[in-house]
Amino acid sequence: MTTNADLRARQSAAVAPGVATRGVYAARAENAELWDVEGRRYLDFAAGIAVNNTGHRHPRVMAAVAEQAQAFTHTSFNVAPYEGYIRLAERLNAIAPGDAPKKTMLVTTGVEAVENAVKIARAYTGRSGIIAFGGGFHGRTMLGMALTGKVKPYKAGFGPFPAEIFHSAFPSDFHGVSVAEALRGLDNLLLNSIEPKRVAAFIIEPVQGEGGFNVAPAGFLRALRERADAHGILLIADEIQAGMARTGKMFCFEHAGVVPDLITMAKGLAGGFPLSAVTGRAEVVDAAPAGGLGGTYAGNPLAIAAAHAVLDVIADEDLCARAAEIGDRILGRLRALQSRQGMEAVGDVRGMGAMVAFELVTDRASKAPDAALTNAIIAEAEARGLIMISCGMHGNVVRLLPPLTTPMAQVDEALDIIEASIEAAITRMASAA
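Numbers given to residues run from 1 along each chain, matching the order in which its sequence is written. Reporting of local features is limited, given that this is a predicted model, to residues whose pLDDT is at least 70; pairs of side-chain atoms are given and counted only at 80 or more, and all residues count toward the totals for whole chains, interfaces and linings. Side-chain calculation: all heavy atoms of the structure are included, whereas hydrogens and water are not.

**Student:** Give a detailed account of the pairing of strand β11 (residues 346-352), specifying residues and quantitative values.
**Tutor:** Within β11, six of the seven residues are buried, which leaves the element mostly enclosed by the surrounding structure. Think of it this way: DSSP has to see at least two bridges between two strands before they count as a pair. Under the scheme used here, helices are H or I runs from DSSP no shorter than 4 residues and strands are E runs no shorter than 2 residues, and both carry numbers assigned from the N terminus. For β11 and strand β12 (residues 355-360), the ladder comprises six bridges, and the chain directions are antiparallel. When the sheet's bridge partners are listed, valine 346 is paired in β12 with leucine 360. Once β11 ends, the chain turns through two residues before running back antiparallel as β12, passing glycine 353 with a positive phi of about 60°. Here's how the labels work: a residue is buried when its accessible area is under 20% of the maximum for its type, exposed when over 50%, partly exposed in between, all with a 1.4 Å probe on protein chains only.

**Student:** Outline unusual backbone geometry, supporting the account with residue identities and numerical values.
**Tutor:** Residue proline 153 follows lysine 152 across a cis peptide bond; omega there is 0°. By the secondary structure assignment, proline 153 is in the loop between α6 (142-147) and β6 (165-168). Following glycine 159, the chain continues into proline 160 via a peptide bond in cis, with omega recorded as 5°. Relative to the assigned elements, proline 160 resides in the loop between α6 and β6. For isoleucine 49, which is not a glycine, the phi torsion comes out positive at approximately 60°.

**Student:** Before we move on, could you go through the state of the cysteines and cite the residues and values that matter?
**Tutor:** Criterion for a disulfide: a pair of cysteine sulfur atoms within 2.5 Å. Tallying each qualifying case throughout the model produces zero disulfides. Not engaged in a disulfide, the cysteine cysteine 252 finds its nearest cysteine sulfur in cysteine 320; these two sulfurs lie 11 Å apart. Since its relative accessible area comes to 18%, cysteine 320 is described here as buried.

**Student:** Outline the packing of helix α11 (residues 319-338) against helix α13 (residues 408-432), listing residues and values.
**Tutor:** Two elements in contact, α11 and α13, have axes whose closest approach is 11 Å; the angle formed by their N-to-C orientations is 25°. Put simply, α11 runs roughly parallel to α13. The handedness of the crossing between α11 and α13 is right-handed. Residues Arg322, Glu325, Ile326, Arg329, Ile330, Arg333, Leu334 and Leu337 of α11 pack against Met408, Val411, Asp412, Leu415, Asp416, Ile418, Glu419 and Ile422 of α13. The nonpolar class holds Ala, Val, Leu, Ile, Met, Phe, Trp, Tyr, Cys and Pro. Asp, Glu, Lys and Arg form the charged class, and all remaining residues, Gly among them, are polar. Among the residues forming the contact of α11 with α13, the class breakdown is nine nonpolar, no polar and seven charged. The axes used here are C-alpha line fits, helices contributing only the stretch in contact, and every angle between their N-to-C directions lies in the interval 0 to 180 degrees. Note on angle classes: values under 35 degrees are labelled roughly parallel, values over 145 roughly antiparallel, values of 65 to 115 roughly perpendicular, and the remainder oblique. Handedness of a crossing is defined here by the sense of rotation of the near helix relative to the far one, left-handed for an anticlockwise turn of less than a right angle and right-handed for a clockwise turn. Any two residues whose heavy atoms approach within 4.5 Å at even a single point are treated as in contact.

Structure below.
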């Protein structure tokens, strides 16, 4: 039998070490469950980093892909276009926020969508500057890294990065940055570093992913929209992790009632198949010249078939409501745990819908990050049969991304494991000290 240790040794010898992984090697998966090569069962609360919103191998997704595979698997849409691409664009245009006419382009990865959104924004405005936010994550290409507001491990050692990228503070009450302070910082940036008429777009995650699941207050997003309108700047919503029903609405920006000019999406869009999209106001998207957008694998037919099935499942199984229900259950349990005596290490519990995190600190007064405890909790949970991953600027946040199709009994099972893992890790580290 192949073991996890065998594969770890082979990986060490054959795979670039910069591709960091965990030690569970998957053999099969179904909905919210995953089995490793040694036959051990896990509850998967990473969901491929918010990709499997409809669970692993949803029957309707698998059937749609199998049917498409019988027709053709690749032609390149630029060479021999196909109806599935056009129909998916029509569907995304229809569900994106706002009443203005919209258009869509499809690519493969999240960062491709981000880069194309920037290209479109620059083509439309004739400007070059882009303002992103501290703690934001927008991908690992050179432009994606330039936009990302987190140095380690994403940017360290890889510069220099493309020019005309600026970062402003992201609001976070827990970290002492109010909405008013964040807006003052943005206004100062526009006074001190780049004049508004040189800024093509603001780009922001409504809930930061790698940055620590920090939720952008609705008032902050509305203020961004106002400043964008005042200066002729576009607003790009990076919905790559927070979109596709993850936060209780199809797009997270909808919670704030804010309509972006461009939306990037990926991850949960195609149920485990590589697909991303940029959807935006038609007049904006039309600014890019013919041939300026696209790619060999952009809008792969199999991934598009999967995406159609995903949209059907989200609607038919009411996964927006399901996300809210799962999120309420997780937030309730974690906040009750946080309030218990001896749980001072759980500094903050936050999230929106089924995109929830808890931040670990040495003490609540200083809020000093405790990455060691975070790693110990994740390892303890893995030993007990639950897959979770960390995030945050200091690696001290545990994020929970269960499939939106997870049975509630399994949500409760995972929460029992989380509670036991936190208690065990705190006790062990206290004893070691």
